[in-house]
Amino acid sequence: MTFRVRTDRRYIRHAYHSNRFVLVEIVAPPARQERPRPPVNLCFVVDRSGSMSGEKLALAKLAVESSVGRLRSDDRFAIVVYDNEVDVVFPSTPATADARRSAMARLAEIDARGSTDLGTGWLSGCRQVGEKLLLDGVNRCLLLTDGLANQGITDHDELVRHAGELRARGVSTTTFGVGADFDEVLLQEMSTAGGGNFYFIAGAAAIADYVTSEVGEALEAVAHDVTLQVTAAPKVQVESLSPFRFERRGGRTEITLGSLVAEQVLQVVLRLSFPLGELGRETVAQVGLSDRDGALEAVAARLAWQYADGQTNDVQERDREVDRAVARVFAARARQEATALNRQGAYPAAAAALSKVAKRIRGYAGSDAELRAVVAELERDASEVAAPMPAMALKQMHFSSYASARMRTVQGRVIRDR
């Protein structure tokens, strides 16, 4: 396993509030052949509302069948479908050959109908997982939908809050949005709060590929409930700029990373905001990594900054690798802001959101080719969001930004150290 922690600059201003950025780089260990894979406990929650009729529902069923076919008899699975009503097609059961056959026969009988009670369907699936919780494996609800929550719980914040509470109880949530009509902000925030992943599936033909890929990640996880802990002085504020849930507890901030797949490469960008301080004084932060089962090495790193005058701060060296990671994250966040503004019809504001970040990055890019490329891409996208964009293009920009900030491919898959 690799664990590296570095900061963009060494000095902070003694007479002004300073922000400094920290890049945490993790490479997960390979799978251990001598250690058997921990079991998984999954529930597949499938939208069967009217808009899913035809090819989408047929391919969603195929995705569930292919995924369940990869499970062993010591794994568990359940299947829930929903429209304005919820049906538990198959309750949580060990994935024996007989159970898989019986479940697929029942799933084959399901047809599309009705509206979309996403909240009740998803919570029913989480209940199936939670009632048979595995202490040593992955416990995850996989929610697939092509529409908006228009029945039952429709409040965005309430659904996200439930996702966070369920994660705290051991049940994670991964979401899949299909087509142009779902709420990508809701599904992304549910998965972030829920400690899982979010996927945008542009066309029905790719449903099985995305769902089986996510199940494959669950089967290849080498560490569960992975958490970064940052301990700093009481008045230092710590936040994760990468889209991971974080929580402050006194002088410590915990960033929830979820499960790590064998040889997964992950970068997390943190922002530390410092108070005023005495000239020449040093302030430190400790960054540690832990997981639920102790599968990762016990590692920690110490960072130190020194309060200095303005001139010393102005001429200090920058860590370009940190600068690049920070630029990518700010660019991703700006694109998501711009897509939301474009959807609202606020086209000049959408363009300005990207141009503002491009100007900021240009201010420290210098001759760095990668940073200059980020600026050029933002300026190109600013001209695109300055006019109405198709719904699918907005969703693709939103999702690709999420994937970039989470260190994933444009398809949402993990990046591995190969």
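Criteria and cut-off values
- Residues numbered from 1 in each chain as written.
- Predicted model: local features only at pLDDT ≥ 70, side-chain atom pairs only at ≥ 80, totals over all residues.
- Heavy atoms only, no water.
- Helix = DSSP H or I, 4+ residues; strand = E, 2+ residues; numbered from the N terminus.
- Rg over C-alpha atoms; globule rule 2.2 N^0.38 Å.
- Buried < 20%, exposed > 50% of the residue type's maximum accessible area, 1.4 Å probe, protein only.
- Contact = heavy atoms within 4.5 Å.
- Areas by Shrake-Rupley, 256 points an atom, 1.4 Å probe, with all protein chains shown as cover.
- Lys, Arg positive; Asp, Glu negative; His and termini not counted.
- Charge placed at Lys NZ, Arg CZ, Asp CG, Glu CD.
- Phe/Tyr/Trp six-rings, centres within 6.5 Å; stacked < 30°, edge-to-face > 60°.
- Axes fitted to C-alpha atoms, helices over the stretch in contact; angles between N-to-C directions.
- Parallel < 35°, antiparallel > 145°, perpendicular 65-115°, else oblique.
- Left-handed = near helix turned anticlockwise from the far one by under 90°.
- Nonpolar A, V, L, I, M, F, W, Y, C, P; charged D, E, K, R; others polar.
- Pairing = 2+ DSSP bridges.
- Right-handed = clockwise from strand over helix to strand, strands pointing away.
- Salt bridge = Lys/Arg side-chain N within 4 Å of Asp/Glu carboxyl O.
- Polar contact = N/O pair within 3.5 Å; in protein donor to acceptor, adjacent residues only side chain to side chain.

J.: When you look at the overall build of the protein chain in this model, what are you seeing that I'm missing?
T.: Counting secondary structure elements, the protein chain contains eleven helices and 16 strands. In terms of overall size, the protein chain behaves like a compact globule, its C-alpha atoms giving a radius of gyration of 23 Å where 418 residues would be expected to give roughly 22 Å. Projected onto the principal axes, the alpha-carbon positions of the protein chain cover approximately 70 × 55 × 35 Å. By the burial criterion, 56% of the 418 residues in the protein chain qualify as buried. Nonlocal contacts in the protein chain, meaning residues at least 24 apart in sequence, comprise 75% of its contacts between residues at least 6 apart. A total of about 17,500 Å² of accessible surface is found on the protein chain, and carbon and sulfur atoms cover 49% of it. Side-chain charges of the protein chain comprise 53 positive and 54 negative groups, with the mean position of each set lying 4 Å from the other.

J.: Looking at this structure, how should I read the side chain of Ser-191?
T.: On the secondary structure map, Ser-191 appears in helix H5 (residues 184–193). Its relative accessible area of 0% is what places Ser-191 among the buried residues. Ignoring any residue separated from it by four or fewer positions in sequence, one finds Ser-191 in contact with Thr-173, Thr-175, Gly-196, Asn-197, Phe-198 and Tyr-402.

J.: How should the packing of aromatic side chains be read in this particular structure?
T.: Geometry of an aromatic ring pair is reported as the spacing of the ring centres plus the angle between the planes. The full count for this structure, using the stated rule, is eleven aromatic pairs. Ring plane angle 5° and centroid distance 5.6 Å describe the contact between Phe-77 and Phe-90, whose orientation is recorded as stacked. Of the two residues, Phe-77 sits in strand S5 (residues 76–82) while Phe-90 sits in strand S6 (residues 86–94), which places them 13 residues apart along the sequence. Take Phe-77 and Phe-90: they sit in the same class, and that class is buried. Measuring from ring centre to ring centre gives 5.1 Å for Phe-176 and Tyr-199, while their planes differ by 10°; the resulting arrangement is stacked. Residue Phe-176 is found in strand S8 (residues 172–178), and its partner Tyr-199 is found in strand S9 (residues 195–201); the two are separated by 23 residues along the sequence. Each member of the pair, Phe-176 as well as Tyr-199, carries the same accessibility label: buried. What links up through ring pairs into an aromatic cluster is the set Phe-182, Phe-198, Phe-200, Phe-399 and Tyr-402.

J.: Help me understand the packing of helix H1 (residues 55–68) against helix H6 (residues 207–219), please; the structure alone is not making it clear to me.
T.: Helix packing for two helices is described by the angle between their axes and how far apart those axes are. Between H1 and H6, whose axes approach to 8 Å, the crossing angle comes to 30°. The angle between H1 and H6 falls in the class roughly parallel. For H1 against H6, the interelement crossing comes out right-handed. Mapping the contact onto sequence places Lys-56, Leu-59, Ala-60, Ala-63, Ser-66 and Ser-67 in H1 and Ile-207, Ala-208, Val-211, Thr-212 and Val-215 in H6. A class-by-class count of the residues in the contact of H1 with H6 yields seven nonpolar, three polar and one charged.

J.: Is there a simple way to think about the sheet that holds strand S12 (residues 246–249) in this case?
T.: Strands in a sheet are paired, the pairing made by backbone hydrogen bonds, and the direction either parallel or antiparallel. The mixed open sheet is built from six strands, whose spatial order is S2-S16-S15-S10-S13-S12. Edge positions in the open sheet fall to strand S2 (11–13) and S12, since each of these has one partner strand only. Direction aside, the axes of adjacent strands within the sheet are offset by 25° on average. As judged from the eight bridges shared by strand S10 (residues 221–232) and strand S13 (residues 252–261), these two strands associate in the antiparallel manner. Residue pairing in the sheet places Leu-228 in a bridge with Ile-255 of S13.

J.: What am I meant to see in the sheet that holds strand S4 (residues 40–47) here?
T.: Pairing is mixed across the open sheet formed by six strands, whose spatial order is S6-S5-S4-S7-S8-S9. Every other strand in the sheet has two partners, leaving S6 and S9 as the edge strands with one partner each. Averaged over all pairs of adjacent strands, the angle between their axes in this sheet comes to 10°, without regard to strand direction. Strand direction decides the pairing type here: S4 and S5, joined by seven bridges, are parallel. Following the sheet pairing, Asp-47 is matched in S5 by Tyr-82. Its contacts with the sheet place H6 against S4, strand S7 (138–145), S8 and S9, and it is angled at close to 160° to S9.

J.: Before we go on, may I ask you to explain the pairing of S9 in this structure?
T.: The side chains of a regular strand alternate, residue by residue, between the two faces of the sheet. Extensive coverage of S9 is indicated by the burial of seven of its seven residues. Pairing of S8 with S9 involves five bridges; the strand directions are parallel. Within S9, the residue paired with Phe-176 across the bridge is Tyr-199. In the classification by handedness, the crossover that spans S8, the intervening H5 and the parallel S9 is right-handed.

J.: Is there a simple way to explain the pattern of salt bridges in this structure?
T.: Where side chains of opposite charge bring their charged atoms close, a pairing between them can arise. Taken as a whole and judged by the stated rule, the model has 39 salt bridges. Between Asp-209 and Arg-413 there is a salt bridge, with the nearest N and O atoms lying 2.7 Å from each other. Of this pair, Asp-209 sits in helix H6 while Arg-413 sits in the segment after helix H11 (391–405); the two residues are 204 residues apart in sequence, bridging distant segments of the chain. Connected through shared salt-bridge partners, Arg-4, Arg-6, Glu-25, Asp-319 and Glu-321 make up one network.

J.: How do you make sense of the environment of Thr-312 when you look at a structure like this?
T.: Its location among the elements puts Thr-312 in helix H7 (residues 310–315). Distance in space between the C-alpha atoms of Thr-312 and Tyr-11 is 7.6 Å, their sequence separation being 301 residues.

J.: Would you take a moment to explain the side chain of Asn-41 for this structure?
T.: Position of Asn-41 relative to the elements: it lies in strand S4. A distance of 3.0 Å separates a polar atom in the side chain of Asn-41 from the backbone oxygen of Val-129. Contact partners of Asn-41, with chain neighbours within four places excluded, come to Arg-76, Ser-92, Val-129, Lys-132, Leu-133, Leu-134, Val-138, Asn-139 and Arg-140.

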